[in-house]
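Breakdown of the fold
Residue strings, one per chain:
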Amino acid sequence: MPAKTLCEIVVAVGYGRGVVGEQPLIYAEGLVKRFGDFVAVDGIDFQVRAGEAFGFLGPNGAGKSSTMRMIGCVSRPSGGVLRILGMDPVRQGAQIRARLGVCPQLDTLDQDLTVRENLITYARFFGIPRREARRRADALLEFVRLADRAGGKVEPLSGGMKRRLSIARALVNEPDIVLLDEPTTGLDPQARHLVWERLFQLKRQGTTLVLTTHYMDEAEQLCDRLVVMDGGRIVAEGSPRSLIETYCPAEVLELRFADGTPGEYADKLAGVGERLDPLPDRLLVYTDDGDEALAEVHRRGLIPSATLVRRATLEDVFLHLTGRTLVE
Amino acid sequence: MVIALLAARRSAGRVGAVVGRNIGAMRSGPSYLLVLLSGLAEPLLYLLSIGVGVGALIGTMELDDGSRVPYAVFVAPAMLAVSAMSGALAETTFNFFHKMKYARLYDAVLATPVGPFELVLGELTWAMIRGALYSGIFLAVMVALGLVPAPGAAAAFPAALLVGLAFGGFGAAISTYLRGWEDFDLVSTGQFALFLFSGTFVPVRDYPAVLEVVVRLTPLYHAVELLRGLALWRLEWGLLASLAYLVVMALGGLWLASRRLARFMFP
Ligand SMILES: Nc1ncnc2c1ncn2[C@@H]1O[C@H](COP(=O)(O)OP(=O)(O)OP(=O)(O)O)[C@@H](O)[C@H]1O
Ligand SMILES: [Mg+2]
């Protein structure tokens, strides 16, 4: 066996056991994805470390899924460097995929099989013996609270149930890294909280999570660190708190007015707070003290039809970075 | 060497898992079983209506070596070839295409260590299992009707599997080129043309010269030649050419299909 290959195997095994603890599990540098002339991912750099929950946040078309598919070794990078678990996704795709759990943006559940068989069959693709596959399937169905649907078909499950089944399926090989592409899009708040709770639990167990979302609250809840993507590029990076602290004052005052455009009021409120952002339906005032800013609005003789003082969120960061709201 | 063996074993396990998925799907739905059995009905009906019915009018048929056999005996091996062809094509065109483009099944499979080659090989293996069932029943009917001697049937069985493998590989390859369900009309038209003009109902030497040359290039002709030669136990060198044709077709189809699948699934 060539020395290089042996070396790679040792490194790869080391990654799995956490021996090479300082090395990132995923390393990307200048990563590019092109579809013909179109550049979907435009030279991004990021690293994901063992045990962390890492997020890609961005609007539709930002390039999140394209990036996730490259990490999942089902899409060939058009340029740059990508290393996953110390391996090369083009040459060692199967070895990497063996240690990933993937929950794609659109469910790819097997309609011809029952809920439980979906998990067992999937486990078999990883070479897991049938007995062990059954054991894991039952444990995972408990984990995502679908045990009572085990014998039923996939088709009649609700959207949230299908999503949970997809997540369970992604865990069937006890992966080192779980990739979740928009795990909660389209779910009602209750279903979303159940998914969050499960993802938290995984995180506590030390599983490395990589997820995409365009929900700010999801990113704030789940991610230790995240990158904000827009138009195929990374526009900011950090923990949710540090991003908010870097790009926004602590509080936001939201003002709505019965008549006139928010833009007109922005002129009248010049100098209030640190920054003003007129949106089509409301005016945002970024400030360290929302109540004081509101008092100043009243002092200037303006009477908003509705006011709200709240803490700054990632939504505000995104708005600031790109000049656009995230969820259209 | 050890590593290569281990890799081969792991790979075989993955191919087996793809086959296992199809067995699971068949077991959990009655509809699948129905489709499976309906594939058998068509060639059997042709055998009975044309072979036995029309055979009564025609009487006997002269073979290339000058000997004469009852018409049903002449037609039956051809119907076996057609049965092997349509069984394999149904699995690898219609089902393959559906799983690839609509059910998103292959998206799920290829996110695991299973690679495109293993996936296509697994689907072909499944088509073969299905084909073995068709051909087995069909041959049993032929033996029961006295259309083929037992040794001929025994020799024709593995050959029928090869026919299935060849058309299966070919079908998987063409289904990667299909744009939508409309294109299936083309596939069935092509299939029907092969069915009519492959020396199935009359020997190709009775065709016009130009047509004969064309027919000798098409796959079902070689399938019919091989199965008829073995079933009637008329062993000639020409059978080796047909055998080689089908082996190349099977391997070429497998290679092309997995290459195209990788390109389609991993843009
Ligand atoms: N297979 C493909 N062929 C051509 N263009 C593609 C392909 N896949 C993605 N794109 C394009 O790449 C861009 C980024 O798509 P991507 O799916 O990565 O975005 P996203 O951030 O996941 O968006 P969303 O939030 O809508 O899921 C889009 O403009 C999309 O049209
Ligand atoms: Mg996406």
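Residues numbered from 1 in each chain as written. Chains lettered and ligands numbered in written order. Predicted model: local features only at pLDDT ≥ 70, side-chain atom pairs only at ≥ 80, totals over all residues. Heavy atoms only, no water.

Residue and element names in this part refer to chain A. All of the protein donors around the magnesium ion (ligand 2) are S65 (OG) and Q105 (OE1); their distances to the metal are 1.9 to 2.1 Å. Of this pair, S65 sits in helix α2 (residues 64-71) while Q105 is found in the loop between β5 (100-103) and α4 (115-125), placing the two residues 40 residues apart along the sequence. Judged by relative accessible area, Q105 falls into the partly exposed class, the value being 36%. (Donors = N, O, S within 2.8 Å, 3.2 Å for Na, K, Ca; no water. Helix = DSSP H or I, 4+ residues; strand = E, 2+ residues; numbered from the N terminus. Buried < 20%, exposed > 50% of the residue type's maximum accessible area, 1.4 Å probe, protein only.)

Attention now moves to the site of ligand 1. All names here are of chain A. Ligand 1 sits among 14 residues. The nearest are G61, K64, S65, S66 and Q105. At a separation of 3.1 Å, an oxygen atom of ligand 1 approaches a polar backbone atom of A62. Contact between ligand 1 and K64: an oxygen atom at 2.7 Å from a side-chain N or O atom of the residue. When contributions to the shell around ligand 1 are tallied by element, the ones reaching two or more residues are β2 (38-48) and α2. When residues of the shell around ligand 1 are assigned to their parent elements, the largest contribution, three residues, is made by α2. When grouped by side-chain class, the residues that make up the shell around ligand 1 number five nonpolar, seven polar and two charged. (Near = heavy atom within 4 Å. Polar contact = N/O pair within 3.5 Å; in protein donor to acceptor, adjacent residues only side chain to side chain. Nonpolar A, V, L, I, M, F, W, Y, C, P; charged D, E, K, R; others polar.)

What follows deals with the packing of aromatic side chains. By the definition in use, this model includes 18 aromatic pairs over all chains. Measuring from ring centre to ring centre gives 6.0 Å for F97 of chain B and Y102 of chain B, while their planes differ by 55 degrees; the resulting arrangement is tilted. Judged by relative accessible area, which is 0%, F97 of chain B ranks as buried. Aromatic pair F97 of chain B and F184 of chain B: ring centres 5.2 Å apart, planes at 75 degrees, arrangement edge-to-face. Of this pair, F97 of chain B sits in helix α3 (residues 71-102) while F184 of chain B sits in helix α7 (residues 183-196); the two residues are 87 residues apart in sequence, bridging distant segments of the chain. A relative accessible area of 10% places F184 of chain B in the buried class. Each member of the aromatic cluster is reached from another via a ring pair, and the members are F94, F97, Y102, W181 and F184 of chain B. Across the ring face of Y122 of chain A, the terminal group of R169 of chain A is positioned such that the distance to the ring centre comes to 4.3 Å. Across from the ring centre of Y215 of chain A, 4.3 Å away, lies the NZ or CZ of R192 of chain A, which sits over that ring. (Phe/Tyr/Trp six-rings, centres within 6.5 Å; stacked < 30°, edge-to-face > 60°. Lys NZ or Arg CZ within 6 Å of the ring centre and 35° of its normal.)

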